[in-house]
Amino acid sequence: MQSQTIDPGKTQLNDHSGTAHSAHEEHPDLRLFGLVMFLVAEGMIFMGMFGAYLAFRATLPTWPPEGTPELELLLPGVNTVNLIASSFVMHNADTAIKKNDVKGMRIWLTITAVMGGIFLMGQVYEYAHLEFGLTTNLFASAFYVLTGFHGLHVTIGVLAIVAVLWRSRVPGHYSNEQHFGMEAAEIYWHFVDVIWIILFGLLYLL
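The residue count restarts for each chain, going from 1 along the sequence in the order it is written. At least 70 in pLDDT is required for a residue's local features to be given in this predicted model, at least 80 for side-chain atom pairs to be given and counted, and no such filter applies to totals for whole chains, interfaces and linings, which use all residues. The side-chain figures draw on all heavy atoms in the structure; neither hydrogens nor water molecules are used.

(A) Highlighting the pattern of salt bridges. A side-chain nitrogen of Lys or Arg and a carboxyl oxygen of Asp or Glu constitute a salt bridge if their distance falls within 4 Å. Applying the stated rule across the entire model yields one salt bridge. Residue Asp94 is joined to Lys98 by a salt bridge in which the shortest nitrogen-to-oxygen separation is 3.0 Å. With a 1.4 Å probe rolled over the protein chains alone, any residue whose accessible area is under 20% of its type maximum counts as buried; one over 50% counts as exposed, and the rest are partly exposed. When its relative accessible area of 39% is taken as the criterion, Lys98 is described as partly exposed.

As structure tokens, then:
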């Protein structure tokens, strides 16, 4: 009857493998959940600001206050179309990386970043040509706070896209199986787009 010998090294390796597997099961990837919670919190801040704006509008007898110059619609309208279109371009980048097309992802991301930069430049141009300032009246203050806070989020979104582009220079960093950074940037960008649509309707159309 032959005796079986047990290799301590293999036993130790199996123990470590089991421990690592158990640790992976105990600590699932919650990055997407964290991103969604962050966006929910940011959305609540925006909703609070929108609510305050609507309260101002409802309580004052005249809105905007008398003497407030009318807002031009052409440039903000073009900016809105540009931002909405950039969401579709951003989605193409996500579709590309899920097909392992890193080059395609980079091209679409670059276009999205340029479109985001154009939006920001359009907003700065609008600020430079407005006929009222931050402290002119309540409408002016609300306008600058809302658009400025949104502009900050667009800037962060552009920086996130640039970060994804920078990290994509490492071979294999993004692939059809590993693409959370790309996916997170896309979700954030869509969030920024939706917020602007609401903001545009409140400030320019109502």
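(B) Main features of helix α4 (residues 102–129). With 28 residues, α4 should reach 40 Å at 1.5 Å per residue; the first-to-last C-alpha distance of 41 Å fits that figure. To qualify as a helix, a DSSP run of H or I must reach at least 4 residues; to qualify as a strand, a run of E must reach at least 2; elements of each kind are numbered from the N terminus. For α4, the full list of buried residues reads Gly104, Met105, Leu109, Thr112, Ala113, Met115, Gly116, Phe119, Leu120, Gly122, Gln123 and Glu126. Whether two residues are in contact is decided by their heavy atoms: any pair within 4.5 Å suffices. Elements in contact with the buried residues of α4: α3 (74–97), α5 (138–167) and α6 (180–205). Multiplying 1.5 Å by the helix residue count minus one yields the expected span of that helix.

(C) Region of interest: the nonpolar core. Residues enter a nonpolar core if they are buried and are Ala, Val, Leu, Ile, Met, Phe, Trp, Tyr or Cys, with the set joined through side-chain atoms within 4.5 Å. In this structure, Tyr53, Met105, Leu109, Phe132 and Phe143 are the most contacted members of the largest nonpolar core, which totals 44 residues. Among the secondary structure elements, those contributing two or more residues to this core are α2 (31–59), α3, α4, α5 and α6. Top element by residues in this core is α6. It accounts for 14 residues. Setting aside chain neighbours within four positions, we find Met105 in contact with Ala93, Ala96, Ile97, Val164, Ser168, Tyr174 and Met182.

So yeah, pure geometry; function would need other evidence.
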